[in-house]
Amino acid sequence: MTDQTSSPAAPDENRLIAERRVKLSKLREAGVAFPNDFTPDTQSAALHAQYGEREQQDLADAGIEVRIAGRVMLKRVMGKASFATLQDGSGRIQIYVDRGSLGEDAYTAFKQWDLGDIVAVVGKVFKTNKGELSVHASTARLLSKSLRPLPDKFHGVADQELRYRQRYVDLIMTESTRKTFEMRSKAIGAVRQFMLDARFVEVETPMLHPIPGGAAAKPFTTHHNALDMQMFLRIAPELYLKRLIVGGFDRVFEINRNFRNEGVSTRHNPEFTMMEFYAAYADYHWLMDFTENVLRQAAIAACGTATLTYQGREVDLAAPFERLTICGAILKYAPHYTQDQLDDETFVRAELKKLGAHVTGPVLSRAGLGALQLALFEETAEGQLWNPTYIIDYPAEVSPLARASDTREGITERFELFITGREIANGFSELNDPEDQAQRFQAQVAAKDAGDEEAMFFDADYIRALEYGMPPTGGCGIGIDRLIMLLTDSPTIRDVILFPHLRRED
């Protein structure tokens, strides 16, 4: 018996590729090398679901013929009869081939196939004496020749960067990777359906913006040749979605990409997926309740439960999410501070310097007490917010698009949601006063002129839209990639993005 899946030492890859190219040349000489005339009528998972519990004799008597196709992942050649394992988009199934059923020429061709080749099989479903569901091939044909050898089946793709750079190989070899992206699809589908059921209208807004807005971030820039103008990949869809609220849509949402020309880390990718949604006649209290329900529904759809395990620790999405102010969170997770100290701007600035925070940069060097408290929160409490926690009532100086509180000066009706120590969502009662918004844009322009690359531009058209009147509105953005990290127990954002950004391979 020959097992072509393993050998004492891995052969030279270039030699294997050369051998496979020779085989491909012979296929070309014999006729069509890459035929496209076969359509399967089932998949491996369906076969296991339908026939996995049937008795051996029952299947033999039924004579059920199926058409399947997939990639050869395992091959055992044993003289007159052999076994192979095919992998399709749903899983794996064993194939039994023998000279008597296939014929001499087809069986000889089968023995020349390599791991990674994509083949078509027609045959009857049966169970081996060991009880393994299989397909006894009556015909078997090569559909696509694999020129590059797959990684060793026992070690898979060991190089983590190679898994990201050659995701196609990772998907072939690693079942958990395929499961991650299947769960991602289920979660996003559940979120979309939840929004539609709540009477939100799904929309698409521009990816190319003449003015980057809706977030404090550094944009990617490009040039539109036909219009001869500089444009920016969007950092957020917010200002366009709120234009739609002005236009008369009461509830809108968009699930799509944002682009920010910033660093790469375990939780940051320059291109990432967000859902933003806006509801007229809603405030930030309503948004927090609604966002909880969105996340629970995504968890139940993807994982079957709202009580999850992330990196060995339980995360409870079923219980009501905690709500704390910035100072409340500091006092809870860094109890050596007092409220009097947190209200002392000189003390907080000195404490940030002691902790090594960047208080001398273009933003915090001019920061007021609210922004300094936020910076101290980020240093002392943010990373400890394991179970879902809303941090509420952000200072106006760091919330240029949020509605100001009617009762507390310098505070806005804004929240950020943290789970497992990272931000998942950001929302607020929207600022719909055009004069106040214009003043805040002017303050952002002044900050940009002073060196803050992430400060916002002045968007005159958005101000004009507000001058037509926008109803009281609440809006929220949910980081889809970070949500999927949580649902799939993935430690880095690269694990949940099919093709994450990497340095050039050369």
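Residues numbered from 1 in each chain as written. Predicted model: local features only at pLDDT ≥ 70, side-chain atom pairs only at ≥ 80, totals over all residues. Heavy atoms only, no water.

1. Topic: the pairing of strand 3 (residues 81-87)
So, step 1. Within strand 3, 7 of the 7 residues are buried, leaving the element largely enclosed by the surrounding structure.
So, step 2. Side-chain alternation along strand 3 places Ala 81, Phe 83, Thr 85 and Gln 87 on one buried face and Ser 82, Ala 84 and Leu 86 on a second face that is also buried.
So, step 3. Relative to strand 3, strand 2 (residues 65-78) runs antiparallel, the two sharing 7 bridges. Looking across to strand 3, one finds that Lys 75 is bridged to Ala 84.
So, step 4. Adjacent in sequence and paired antiparallel, strand 2 and strand 3 are bridged by 2 residues, among which Gly 79 carries a positive phi angle near 70°.
So, step 5. Both strand 3 and strand 4 (residues 92-98) contribute to a ladder of 7 bridges, which runs antiparallel. Paired with Leu 86 across the bridge in strand 4 is Ile 93.
So, step 6. Between strand 3 and strand 4, which pair antiparallel one after the other, the connecting turn spans 4 residues, and Gly 91 there sits at a positive phi close to 155°. (Buried < 20%, exposed > 50% of the residue type's maximum accessible area, 1.4 Å probe, protein only. Helix = DSSP H or I, 4+ residues; strand = E, 2+ residues; numbered from the N terminus. Pairing = 2+ DSSP bridges.)

2. Considerations on the state of the cysteines
So, step 1. On inspection of all chains with the given rule, the structure shows 0 disulfides.
So, step 2. Residue Cys 303 stays outside any disulfide, its sulfur separated by 20 Å from that of Cys 476, the closest cysteine.
So, step 3. Relative accessible area serves as the criterion here: at 29%, Cys 303 is assigned to the partly exposed category. (Disulfide = S-S within 2.5 Å.)

3. Side note on the sheet that holds strand 9 (residues 221-224)
So, step 1. Pairing is antiparallel across the open sheet formed by 3 strands, whose spatial order is 8-10-9. Of all the strands in the sheet, just strand 8 (208-209) and strand 9 have a single pairing partner and so form its edges.
So, step 2. Sheet topology places strand 9 next to strand 10 (residues 229-233); 4 bridges connect them, and they run antiparallel. Bridging from a neighbouring strand, Thr 222 pairs with Met 231 of strand 10.

4. Quick word on the sheet that holds strand 7 (residues 201-202)
So, step 1. Strand order in the open sheet formed by 8 strands is 7-11-12-19-18-17-16-15, and the pairing between neighbours is mixed. Where the open sheet ends on each side, the last strands, each with one partner, are strand 7 and strand 15 (322-325).
So, step 2. Of the strand pairs in this sheet, strand 12 (residues 271-280) and strand 19 (residues 473-479) are connected by 7 bridges, and their pairing is antiparallel. Across the sheet, the residue bridging to Glu 276 is Gly 477, located in strand 19.
So, step 3. Packing against the sheet, helix 8 (residues 175-197) makes contact with strand 7, strand 11 (251-259) and strand 12, and its axis sits at approximately 150° to strand 11. (Contact = heavy atoms within 4.5 Å. Axes fitted to C-alpha atoms, helices over the stretch in contact; angles between N-to-C directions.)

5. What to know about the nonpolar core
So, step 1. Core analysis: the biggest nonpolar cluster contains 46 residues, and Met 195, Met 275, Phe 277, Leu 317, Ile 478 and Leu 487 have the highest contact counts within it.
So, step 2. Counting residues per element, this core draws most heavily on helix 10 (residues 284-303), which supplies 9 residues.
So, step 3. Beyond its immediate stretch of four places on either side in the chain, Leu 487 contacts Met 183, Ala 187, Ala 298, Ala 299, Ala 302, Cys 303 and Leu 308.
So, step 4. Counting residues in each nonpolar core, the second largest holds 25 residues, with Leu 59, Leu 86, Ile 95 and Leu 142 among its members. (Core = buried A, V, L, I, M, F, W, Y, C linked by side-chain atoms within 4.5 Å.)

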